[in-house]
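Observations on the three-dimensional arrangement
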Amino acid sequence: MAVAVAGVLVAAGAISYAVAEDEGSSTVPAADSADAGFARDMAVHHQQAVEMSYIVRDRTDDEDVRRLAYDIAQTQANQRGMMLGWLDLWGLPKVSADPPMTWMGMGGMASGKDGALMPGMATNTELKKLGTLNGKQAEVFYLQLMTDHHKGGVHMAEGCVDQCTVGVEKRLAQGMVNAQESEIDLMTDLLKERGAEPRS
């Protein structure tokens, strides 16, 4: 287990280091750039996905949902570490006084009310509700919340693909788009199996 964890950390470190060696990387992104803004905002967005995934794993015994939640938690925690590592490498702050998504011209899109800092994010009230549900109810609510979450994440990742300048980060963003769109399809199928559908 320790060897596997070490391998993941080494890989993440190698990818983070690769950013410093990326094409055109002689210029460090500015604090208000799309590269920095995406790294900051998606790190926050990912953290909530990890939180929701661990909540549902404690609320259901269904192997399909538990496996999906585990995959999402592990993938997004790893990606979050990369993005925060890049900000460290660039010597840039991990927080900004600007509203989330300002880097893509959408600083006013989410009010931040009840913890929903960006489009697609669950509110604090919804997270608390998820923690009170069990079995099929928990599965359905999680799948609906995570579908919304992924849709918001895909939109932001597409923004980075269009606007970011660091090649490694653009490729990570494109990978997020591909993976999360696939997971949206999977979650739609899982909802259908439970007699439910996405909220939007």
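Residues numbered from 1 in each chain as written. Predicted model: local features only at pLDDT ≥ 70, side-chain atom pairs only at ≥ 80, totals over all residues. Heavy atoms only, no water.

Our focus in this paragraph is helix α2 (residues 34-57). With 24 residues, α2 ought to run about 34 Å at 1.5 Å a step, and its terminal C-alpha atoms sit 34 Å apart, in line with that. Taken across its 24 residues, α2 has 19 buried, putting it largely inside the fold. (Helix = DSSP H or I, 4+ residues; strand = E, 2+ residues; numbered from the N terminus. Expected span 1.5 Å × (residues − 1). Buried < 20%, exposed > 50% of the residue type's maximum accessible area, 1.4 Å probe, protein only.)

Moving on: the packing of helix α3 (residues 63-90) against helix α6 (residues 167-193). Packing of α3 against α6 brings their axes to within 12 Å, and their N-to-C directions diverge by 165°. It follows from the interaxial angle that α3 and α6 lie roughly antiparallel. The interaxial crossing formed by α3 with α6 has left-handed handedness. Where α3 abuts α6, its residues D64, L68, I72, Q76, Q79, M83, W86 and W90 lie against V168, E169, L172, M176, Q180, E183, L186, M187 and L190. Tallied by class, the residues present in the contact of α3 with α6 amount to eleven nonpolar, three polar and three charged. (Axes fitted to C-alpha atoms, helices over the stretch in contact; angles between N-to-C directions. Parallel < 35°, antiparallel > 145°, perpendicular 65-115°, else oblique. Left-handed = near helix turned anticlockwise from the far one by under 90°. Contact = heavy atoms within 4.5 Å. Nonpolar A, V, L, I, M, F, W, Y, C, P; charged D, E, K, R; others polar.)

Residues E158, D162, E181, D185 and D189 make up a contiguous surface patch of negative charge. Those elements giving two or more residues to the negative patch turn out to be α5 (135-163) and α6. When residues of the negative patch are assigned to their parent elements, the largest contribution, three residues, is made by α6. One can find D189 in helix α6. (Patch = residues over 30% accessible without salt bridge, like charges linked within 9 Å, V, L, I, M, F, W, Y side chains within 5 Å. Areas by Shrake-Rupley, 256 points an atom, 1.4 Å probe, with all protein chains shown as cover. Salt bridge = Lys/Arg side-chain N within 4 Å of Asp/Glu carboxyl O. Lys, Arg positive; Asp, Glu negative; His and termini not counted. Charge placed at Lys NZ, Arg CZ, Asp CG, Glu CD.)

Our next topic: the environment of M52. Tracing the sequence through the fold places M52 in helix α2. Exposure remark for M52: the relative accessible area of 0% places this residue in the buried category. Counting along the chain gives 70 residues from M52 to A122, while the straight-line C-alpha distance between them is 9.0 Å. Setting aside residues up to four positions removed in sequence, M52 forms contacts with A122, L127, L130, Y142, L145, M146 and H149.

Let us now look at the side chain of E169. As for its position among the elements, E169 is in helix α6. K170 provides the closest opposite charge to the buried, unpaired E169, separated from it by 9.1 Å. Excluding its chain neighbours within four sequence positions, the residues that come into contact with E169 are D35, F38, A39, W86, W90, C160 and C164.

We now examine unusual backbone geometry. Located in the positive-phi region is M101, a residue other than glycine, with phi close to 70°. Residue position: M101 is located in the loop between α3 and α4 (124-130). The buried category is assigned to M101, whose relative accessible area is 2%. One non-glycine residue, D114, lies in positive phi territory at about 55°. Structurally, D114 is set in the loop between α3 and α4.

The contact between α2 and α3 brings their axes to 8 Å, and the two run at 155°. Classed by the angle they form, the pair α2 and α3 counts as roughly antiparallel. Judged by the twist between their axes, the crossing of α2 over α3 is left-handed. Per-class residue counts for the contact of α2 with α3 are 19 nonpolar, six polar and six charged.

Quick look at the pattern of salt bridges now. Here the structure, examined in full by the defined rule, presents seven salt bridges. Ionic pairing is found between E126 and R199, a salt bridge with its closest N-O pair at 3.0 Å. In this pair, E126 is assigned in helix α4 and R199 in the segment after α6, connecting sequence segments 73 residues apart. Across the pair D148 and R199 runs a salt bridge whose closest N-O atoms are separated by 2.8 Å. With D148 in helix α5 and R199 in the segment after α6, this pair connects stretches of sequence that are 51 residues apart. A residue is classified by how much of its surface remains accessible, and D148, at 11% relative accessible area, is buried. Classification of R199 as partly exposed rests on a relative accessible area of 42%.

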